[in-house]
Amino acid sequence: MHDDSTLVELRISRFVRERLRPALNRAAVPLAIESWDAPGEPVPFMDAIRQDYSPFGTGRTWGRPWGTTWLHVTGSVPAQWPVDDSLRVELLVDLGFSKATPGFQAEGLVWSPDGVILKAVEPRNRSVPLTVGPGGRIDLYIEAAANPDVTSGFTFVATDKGDPATAGATPIYRLRQVDVVLKDQTVWELLQDFWTLTGLMRELPTGLARRAEILRALERSIDVVDPDDVAGTASRGRAALAEVLARPANASAHHLHAVGHAHIDSAWLWPVRETVRKVARTFSNVLALIEANPDFTFAASSAQQYAWLKEHYPELFARVKAQVAAGTFVPVGGMWVESDTNMPGGEALARQFVAGKRFFMEEFGVEPLEVWLPDSFGYSAALPQIVAAAGSRWFLTQKTSWNETNLMPHHTFRWEGIDGTQIFTHFPPVDTYNAELSGEELARAEHQYAEKGSANTSLVPFGWGDGGGGPTTEMIAAARRTESLEGSPTVELSSPRRFFEAAEAEYPEPPVWLGELYLEFHRGTYTSQARTKRGNRRSEHLLREAELWAATASVRSGVAYPYDLLEQTWHTVLLQQFHDILPGSSIAWVHQEAERNYAAVADTLTDVIETTVRQLCSTGDSTVLLNAGPYALDGVAGLAGADAAHPDPAAPAADVTLTRTAAGLVLDNGLVAVTIDADGLFSSVWDVIAHRELVPAGSRGNLLQLHRDTPTQWDAWDIDEHYKRNTVDLTTAESVEVILDTPDRARVRVTRAFGTSRVVEDITLSAGSPAVDLHFDLDWHERQKLLKLAFPLDVNADRAASEIQFGHVFRATHTNTSWDAARFETVAHRWVHAGEPGYGVAVANDSTYGHDISRSPDGAGRSATTVRLSLLRAAVFPDPAADQGRHELRVSLRVGSGIPEAVAEGYRLNLPLRTVTGVADAVVEPLLRVDNPAVVIEAVKLAEDRSGDVIVRLYEAHGNRSTARLIRHFEATDVVETDLLERPLAEPRVELAAGAPLPVESHALTLTLRPFEIVTLRFIRRR
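Residues numbered from 1 in each chain as written. Predicted model: local features only at pLDDT ≥ 70, side-chain atom pairs only at ≥ 80, totals over all residues. Heavy atoms only, no water.

A.B. asks: Any details on the sheet that holds strand β46 (residues 928-930)? Residues and values, ideally.
C.D. replies: Across the sheet, three strands lie side by side as β46-β49-β51; this open sheet has antiparallel pairing. Lying at the two open borders of the sheet, with one neighbouring strand each, are β46 and β51 (1004-1009). Strand-to-strand twist in this sheet, taken as the mean axis angle between neighbours without regard to direction, amounts to 25°. Judged from the three bridges that link them, β46 and strand β49 (residues 962-968) form a sheet pairing that is antiparallel. Counted as the bridge partner of Arg929 is Ile967 from β49. (Pairing = 2+ DSSP bridges. Helix = DSSP H or I, 4+ residues; strand = E, 2+ residues; numbered from the N terminus. Axes fitted to C-alpha atoms, helices over the stretch in contact; angles between N-to-C directions.)

A.B. asks: Quick rundown of the nonpolar core? Include the residues and the values.
C.D. replies: Core analysis: the biggest nonpolar cluster contains 180 residues, and Phe283, Tyr306, Phe329 and Phe1019 have the highest contact counts within it. Here the element with the most residues in this core is helix α16 (residues 588-617); it accounts for 11 residues. (Core = buried A, V, L, I, M, F, W, Y, C linked by side-chain atoms within 4.5 Å. Buried < 20%, exposed > 50% of the residue type's maximum accessible area, 1.4 Å probe, protein only.)

A.B. asks: Pulling in residues and values, what's your account of the packing of aromatic side chains?
C.D. replies: Taken as a whole and assessed by the stated rule, the structure comprises 48 aromatic pairs. Taken together, a centroid distance of 6.4 Å and an interplanar angle of 25° make the contact between Phe360 and Phe364 stacked. Pair noted here: Phe360 and Phe364 are both in helix α9 (residues 346-364), with a separation of four residues, about one helical turn. On the accessibility criterion, Phe364 (12% relative accessible area) is buried. Each residue in the set Phe104, Phe154, Phe156, Trp268, Trp270, Trp402, Phe521, Trp714, Trp717 and Phe877 is aromatic and connected to the rest through ring pairs, giving one cluster. (Phe/Tyr/Trp six-rings, centres within 6.5 Å; stacked < 30°, edge-to-face > 60°.)

A.B. asks: Describe the sheet that holds strand β5 (residues 68-76), naming the residues involved and giving the relevant values.
C.D. replies: Spatially, β3-β2-β5-β10-β7-β8 is the arrangement adopted by the six strands of the open sheet, whose pairing is antiparallel. The two strands at the open ends of the sheet, each matched to only one other strand, are β3 (54-56) and β8 (117-121). Strand-to-strand twist of the sheet, defined as the mean angle between neighbouring strand axes without regard to direction, takes the value 30°. Bridge analysis of strand β2 (residues 32-37) against β5 gives six bridges, and the strand direction is antiparallel. Each bridged residue has a counterpart across the sheet, and for Ser35 the counterpart in β5 is Leu71. In the packing of helix α6 (residues 272-292) onto the sheet, the strands contacted are β5, β7 (107-111), β8 and β10 (137-145), and the crossing angle to β8 comes to about 105°. (Contact = heavy atoms within 4.5 Å.)

A.B. asks: Tell me about the pairing of β8, residues and numbers included.
C.D. replies: Among the five residues in β8, four count as buried, and that is most of the element. One ladder, built from four bridges, connects β7 with β8; its direction is antiparallel. Within the sheet, the bridge partner assigned to Gly108 lies in β8 and is Val121. The antiparallel pairing of β7 with β8 creates a hairpin that spans five residues between the two strands, and Gly115 there sits at a positive phi of about 85°.

A.B. asks: Give a detailed account of the packing of helix α7 (residues 303-312) against helix α8 (residues 314-326), specifying residues and quantitative values.
C.D. replies: Close contact between α7 and α8 brings their axes to 6 Å; oriented N to C, the two are set at 130°. Considered as vectors, α7 and α8 are oriented oblique to each other. Where α7 approaches α8, its residues Tyr306, Leu309, Lys310, Glu311 and His312 are matched on the opposing element by Pro314, Leu316, Phe317 and Val320. For the contact of α7 with α8, the class distribution of residues is six nonpolar, one polar and two charged. (Parallel < 35°, antiparallel > 145°, perpendicular 65-115°, else oblique. Nonpolar A, V, L, I, M, F, W, Y, C, P; charged D, E, K, R; others polar.)

A.B. asks: Run through the pairing of β7, naming residues and quoting values.
C.D. replies: Counted residue by residue, β7 has five buried out of five residues, so it is predominantly covered. Residue alternation in β7 divides its side chains into two sets, Glu107, Leu109 and Trp111 and Gly108 and Val110, and both sets are buried.

A.B. asks: Let's hear about the packing of helix α3 (residues 185-203) against helix α4 (residues 209-224): which residues, and what values?
C.D. replies: Orientation of α3 relative to α4, taken along the N-to-C sense of each, is 150°, at an axis distance of 9 Å. Classified by the angle their axes make, α3 and α4 are roughly antiparallel. As for how α3 packs across α4, the hand of that crossing is left-handed. Taken together, the residues of α4 that come into contact with α3 (itself represented by Leu190, Phe194, Leu197, Thr198, Leu200, Met201 and Arg202) are Arg210, Arg211, Ile214, Leu215, Leu218, Ser221 and Ile222. (Left-handed = near helix turned anticlockwise from the far one by under 90°.)

Given below as structure tokens:
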């Protein structure tokens, strides 16, 4: 038999393109259109319909960038249209859609005249089923959003469309179609048959009989369909395919749980306000799909998005709530948003679950047990414990399939965190969270599935994501056809919980992956949009202060606890930890709004702190210093922690001396002596107590380095390793001058200019401190540059510690393996530590996350360690003005430091003493004391249920098994260990040595914590 398969495939493609698709609608009639342009931001439906509308028509342009045009469409269904079960009346709309990815262009929401949302219209989902029959009247409103496509095909060129101030006012869309159509369902079903079978055929080997069988069946189907009467003969075409569609799958076929999903970014290449509308559009699509397909289940994460729906679209929210009760609309994830997990602090990451789960449980009576984070940019090794402490069981992501260098060896495994907690984890091998259930995707899932021979089940999330509208009827049709189809994996319409329960049962002892899930990609997200990152760090610590002092005032003085205000503030901070806001990968509009929100948060919380303290201490003429940190310092302590360790507690305190020498200015306080040369660099850092030099021979510290930063792709997201090949050391100083020289403090100011930027650095050494403090005031105007701060250290460290949530991780400083080499830029919170046995150095910061720590030879050819902090970037996409302007940040270099000193230094820099004036000269007794610096009190607050109980969250910070006494200085009748949601644990992990229940007169608990263990205690007070 001659092989004409190539010709037949060409014939199939043309048949679908020129015969089937044009025959989908038997008839179409244009509707009358009137329009009204909202003058500014979007308006509610009831406001929109009261406006004066003007005649409009297809072919006309509409929509300035980010504008909203309301279309009022009216007309009638032709009376002569036939009534038939295979024919459906629909509204068909084309707002001017392009072939670009859905979710990055115009979208519309269709309303009835009485304000009921019917469904959205989007690039891959243009039709709206209508319930009117022949002769029936049509009267609808379309809220059309002119969202610009800022991606330019993801070529990463600078765009002015991400900021309303620069986006212009010229209309960017042309209305193409607003018709009532008569859809032929039989033709549509035949089209789905062709799509599924063609997709499967192209994935099968050319020599396989099944591929040839499908090819010839498709050919026969074309033969029996009359090209002049496709509608009348489509049923014959379907009959010709019935046999090949009925062949069951192989018994060994991979099994896929297909879960309806729409990955809606809470902000990204659109502002937060547009996400509110994207949620309404997508959820309305889903409700229409559920109505037509009762066996279909849709999973949606992010309590924030449901909260928006409740606030802005209450009628739609009520319908969603009904489907949640029915089990067809499934809240997943249990977090407030799909947050970044690298940069949020420990307490903030815990509150993602507290806020998210509380919303789902209070609104729906549902507690999600799976963590759903398909698109975050790497996953902290602290996350398994936090997930388990929140009462969740399972974890899902897809993002690690983006790794540039190394493939993850598993798709289903147990993930173990820094404290030893393990959670059952799955990476969908389909490698997308926007699947359409194509033959290519299903085959990829089967081919790539890593657990073959041990298990055979994976999950595929399907639906147009990024705000693109979610699942479609075409995807449901594909799932039905591949439920059991020879040559294809089997597909089951499912839910996340059903998948995880089935996967756990099938694979009860999967392999274990220990430590972080580092994404070998998007490493620039640790640094981009420095103001957003600083706002996040500052907000987290302000929230700690506000809750601590508010709880103290409530317990001590009966002051009303600001529950609502703190909750609203937390919600703002948690929203902005979304994985395209905090990482700095959104348009200018998003980050401008984030900075405004952080400023408002700072004002609100500062007012809470100062007002509360004045109520606590009474008003007067005195000034107090407040210490909200976990370690003993000067001032009024909210907590009485153990003293932070010092290099030599027996060493007498010494004044700071500043000496001018031939080598430069020498600052010495008896603990550390730093020499600042004529270039403002550290030619020497001498540890006085240890008698050792820390600057390697031939090197200088405190070195700013400017790198070319032109990523291969994904500008704001990526730092590519080739940046290292283009480096300029900023060694020239305009001035090096002494600006403070007192017995307790010396300060030197270094001023530099480079490019079009300027930096003023203050170097400070204080009496009694083994840390050199650096303050940078940067006026940054570079483009596509990366600014790093380098500290070469004469320390032979084969690994370095970096703080993460509730602990730290060790990472190799060498590049022995491809995994080590790929980890060339890493994330840390408040500190990093480089050490050799018996000695180490800590570098702390108040707003920086990106670091690299590497081995390099000193002047004598011996290995030394270089710690570098990534201070600023200047990406041009998606925000062409990213990071331009003024920045302020702090760094400290602490000599003779172990991990305990590094922990204390991080808190010192991020929780400085706060000055409050206008108070009485009063002493406030701390609520709690702890006698071991390894056990850190991270949060003190009143209970979420507003009972007045005191919640205390502690963790072991040094990586050791540690015992501490927790001394209580307030009245309580009982204490229980709880999960993060403040529910008593059925099996407490920590033995409360004082016993439970807790008598009022018992003031101390002795706690023994595993390394990095988190403990939440609930002190029950008299009601």
